[in-house]
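Single-letter residue listing:
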Amino acid sequence: MAADARSKTAETATHWQRFAVPYEFPVVFTEGVFDPENPALRDVLCRLEPHKRHRVVVFVDDALASHIKNIAEYAQHHKDVIELACPPIAMPGGEKIKSELHFVESAQQTLFDLHIDRHSFVIAVGGGALLDAIGLVAATTHRGVRHIRIPTTVLAQNDSGVGVKNGVNLRGVKNFVGSFAPPFAVLNDLRFIMTLPERDKVAGMAEAVKVSLIRDAAFFGWIERHMDDLATFERSAMATLIRRCAELHMRQISHGGDPFETGSARPLDYGHWSAHKLESLTRHHLRHGEAVAIGMALDARYSVLAGLLAPGEEERICALLEYLGFQLWHPALAKSSPAGKWVILEGLDEFREHLGGALTITLLAGIGSGVEVHEMDTERVRQAMLWLKERAGA
Ligand SMILES: NC(=O)c1ccc[n+]([C@@H]2O[C@H](COP(=O)([O-])OP(=O)(O)OC[C@H]3O[C@@H](n4cnc5c(N)ncnc54)[C@H](O)[C@@H]3O)[C@@H](O)[C@H]2O)c1
Ligand SMILES: [Zn+2]
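The rules behind each value
Residues numbered from 1 in each chain as written. Chains lettered and ligands numbered in written order. Predicted model: local features only at pLDDT ≥ 70, side-chain atom pairs only at ≥ 80, totals over all residues. Heavy atoms only, no water. Helix = DSSP H or I, 4+ residues; strand = E, 2+ residues; numbered from the N terminus. Rg over C-alpha atoms; globule rule 2.2 N^0.38 Å. Contact = heavy atoms within 4.5 Å. Areas by Shrake-Rupley, 256 points an atom, 1.4 Å probe, with all protein chains shown as cover. Lys, Arg positive; Asp, Glu negative; His and termini not counted. Charge placed at Lys NZ, Arg CZ, Asp CG, Glu CD. Patch = residues over 30% accessible without salt bridge, like charges linked within 9 Å, V, L, I, M, F, W, Y side chains within 5 Å. Salt bridge = Lys/Arg side-chain N within 4 Å of Asp/Glu carboxyl O. Near = heavy atom within 4 Å. Polar contact = N/O pair within 3.5 Å; in protein donor to acceptor, adjacent residues only side chain to side chain. 1 Å grid on protein atoms, 1.4 Å probe; cavity = no way out; pocket = protein on both sides within 12 Å on 5 of 7 lines; lining within 4 Å. Points joined across faces, edges and corners; volume = space filled by probe spheres on them. Nonpolar A, V, L, I, M, F, W, Y, C, P; charged D, E, K, R; others polar. Core = buried A, V, L, I, M, F, W, Y, C linked by side-chain atoms within 4.5 Å. Buried < 20%, exposed > 50% of the residue type's maximum accessible area, 1.4 Å probe, protein only. Donors = N, O, S within 2.8 Å, 3.2 Å for Na, K, Ca; no water. Disulfide = S-S within 2.5 Å.

*Asks:* Is there a simple way to think about the overall build of the chain in this case?
*Replies:* In terms of helices and strands, the chain carries 17 helices and 11 strands. A compact globule built from 394 residues should have a C-alpha radius of gyration of about 21 Å, and the chain, at 23 Å, falls within 12% of that. Across the chain, the fraction of contacts at a sequence separation of at least 24, relative to all contacts at a separation of at least 6, is 76%. Accessible surface for the chain amounts to roughly 18,400 Å². Of this, 53% is attributable to carbon and sulfur atoms. When the 42 positive and 49 negative side-chain charges of the chain are each reduced to one mean point, those points stand 3 Å apart.

Set out below in structure tokens:
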């Protein structure tokens, strides 16, 4: 009796479960997305079920509350296929919506009250922060409601909005809670960019410089040649920058071999280990793009000190960033803990923890050529920071 029981518990059988799910979604570049005659939004809503009347809830960044009327008119014009489940809802834009979790809960409560089902649509119109928070709402409600993003900042159109991630902050740690959830469609409308405050037009260009530095020397050269147009936000230069940057981000996700980031590498996060820390150290007074510009300058200088990047190239990168309107120093960089340690260095530990495995930092082996390292020398980081400080005359 006892012997039988023993042999049963010792028995192990492993059945491997395997499946692959193909993902695809359109990223549409358009102008005047809520003009009643523009079919882009209608077309993406109807792409799987052309003859259905789709139930839709729209969350709008409060900076764009003036568009709520246009959205309602668009829905009315296309009422054969669009049913607004309620009038568009304004939510706080910027990091506030990601830092106070009650906003996520209240959006979910709205979807609950409206009996939104998994084939209804949640549309988010706004900057990267609002898209991240509402993306999380859509991904977690009923374990996933169809989600359309309409990004309205440079950064959201050229980077975050065309990606597959969402998230909110917890206890000061950026994106601590979030998921990977490809959207149903993305609609990029250049007109939103033209009404954006200058500060945000500049901030979003950081991600274009970033992706050019790690992937595409020709794009970096193009940015350099067009820096006058970009620094004055000339329309067609901005359109080209956003489109090319979005394409490079999309390519990394579809062809980089790790769309849901299960490995330790984050090639698109060049300059981000310190940027994320700087954002929380400044309690988000620095925009994500502004912090990324500083982080890229720091890691460019570090790359030179590590013997990876030719001396002089870091200065070229810094000069371009400054010409575009970035400041490459912030006093928070030099903040030290009671134990005398530079607080920014905690960003390395937090980055490692977020990755899950070995620390993997992308540095530069040349302009257009990212390279991964698994160790950062803190003394070199310190030297790179002092170099930035001196350059800034701080
Ligand atoms: N999910 C991802 O893959 C990913 C990637 C990169 C960045 N992000 C996140 O994106 C966020 C930053 O996004 P962001 O740079 O778009 O800034 P943001 O969303 O904080 O917006 C900046 C400000 O602009 C306002 N705004 C938005 N659109 C406007 C418009 N057209 N006209 C006038 N004002 C407008 C917002 O209300 C806000 O006050 C950060 O939280 C960052 O972590 C996410
Ligand atoms: Zn970024």
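Moving on from the coordinates now.
*Asks:* Any chance you could explain a nonpolar patch on the surface here in plain terms?
*Replies:* A surface patch of nonpolar side chains, amounting to about 380 Å² of accessible area, comprises Phe19, Val21 and Tyr23. By the secondary structure assignment, tyrosine 23 is in the loop between α1 (2-10) and β1 (27-30).

*Asks:* Explain the site of ligand 1 to me, please; I cannot follow it from the model alone.
*Replies:* In the region of ligand 1, 24 residues are neighbours, and Asp61, Gly128, Thr152, Thr153 and Lys174 sit closest. A distance of 3.3 Å separates a nitrogen atom of ligand 1 from a polar atom in the backbone of lysine 165. Protein burial of ligand 1: of its 870 Å² of free accessible surface, 88% is covered by the chains. Broken down by secondary-structure element, the contributors of at least two residues to the shell around ligand 1 are α4 (95-99) and α6 (128-140). Among the elements that line the shell around ligand 1, the one with the most residues is α6, at 3 residues.

*Asks:* I keep staring at the environment of alanine 319 and nothing clicks. Help me out?
*Replies:* Examined against the element boundaries, alanine 319 turns out to sit in helix α15 (residues 313-324). Taking the C-alpha atoms as reference points, alanine 319 and histidine 272, separated by 47 residues in sequence, lie 19 Å from one another.

*Asks:* Looking at this structure, I do not really get the layout of surface pockets. What am I missing?
*Replies:* Considered as a void within the structure, the second largest pocket measures approximately 520 Å³ in volume. In this structure, the second largest pocket is lined by 22 residues; those nearest its centre are Tyr23, Arg146, Pro182, Pro183 and Phe184. Elements with a minimum of two residues in the lining of the second largest pocket: α6 and β6 (146-151).

*Asks:* Explain empty space enclosed by the protein to me, please; I cannot follow it from the model alone.
*Replies:* Any empty space left between atoms is shown by rolling a water-sized probe over those atoms. Going through the model one piece at a time under the given rule, you end up with 1 cavity of 30 Å³ or more. One number sums up the size of the largest cavity: a volume of about 70 Å³. Lining the largest cavity are Phe34, Leu41, Leu45, Val56, Val58, Ile71, Ala75, Ile82, Leu84 and Ile123. Those elements giving two or more residues to the lining of the largest cavity turn out to be α2 (40-45), β2 (54-61), α3 (68-77) and β3 (82-84). Each residue belonging to the lining of the largest cavity can be placed in one class, and the counts come to 10 nonpolar, no polar and no charged.

*Asks:* Can you walk me through the nonpolar core in this structure?
*Replies:* Grouped burial of nonpolar side chains is what soluble globular proteins tend to show. Within the largest apolar cluster, 71 residues are counted, with the highest numbers of intra-cluster contacts made by Ile223 and Met376. No other element matches the 10 residues that helix α14 (residues 288-305) contributes to this core. In this view, methionine 376 contacts Trp273, Asp299, Tyr302, Leu348, Leu359, Ile361, Leu363 and Val381; residues no more than four positions away in its chain are not counted.

*Asks:* Help me understand the coordination of the zinc ion (ligand 2), please; the structure alone is not making it clear to me.
*Replies:* Each pair of donors in an ideal four-coordinate tetrahedral metal site encloses 109.5 degrees, whereas pairs in an ideal six-coordinate octahedral site enclose 90 or 180 degrees. Glu207 (OE), His272 (NE2) and His288 (NE2) make up the full set of protein donors to the zinc ion (ligand 2), lying at 2.0 to 2.2 Å. Every donor residue of the zinc ion (ligand 2) comes from the same chain, spaced as E-x64-H-x15-H. One end of the pair, glutamate 207, is in helix α9 (residues 198-215); the other, histidine 288, is in helix α14, with 81 residues separating them in the sequence.

*Asks:* Looking at this structure, how should I read the state of the cysteines?
*Replies:* By definition, a disulfide is the covalent link that joins the sulfur atoms of two cysteine residues. Per the stated rule, a full pass over the model turns up 0 disulfides. Left without a disulfide partner, cysteine 245 is nearest to the cysteine sulfur of cysteine 318, which lies 19 Å away. Using a relative accessible area of 0% as the deciding quantity, one classes cysteine 245 as buried.

Note that every value here comes from positions in space, so none of it alone points to a role or purpose.
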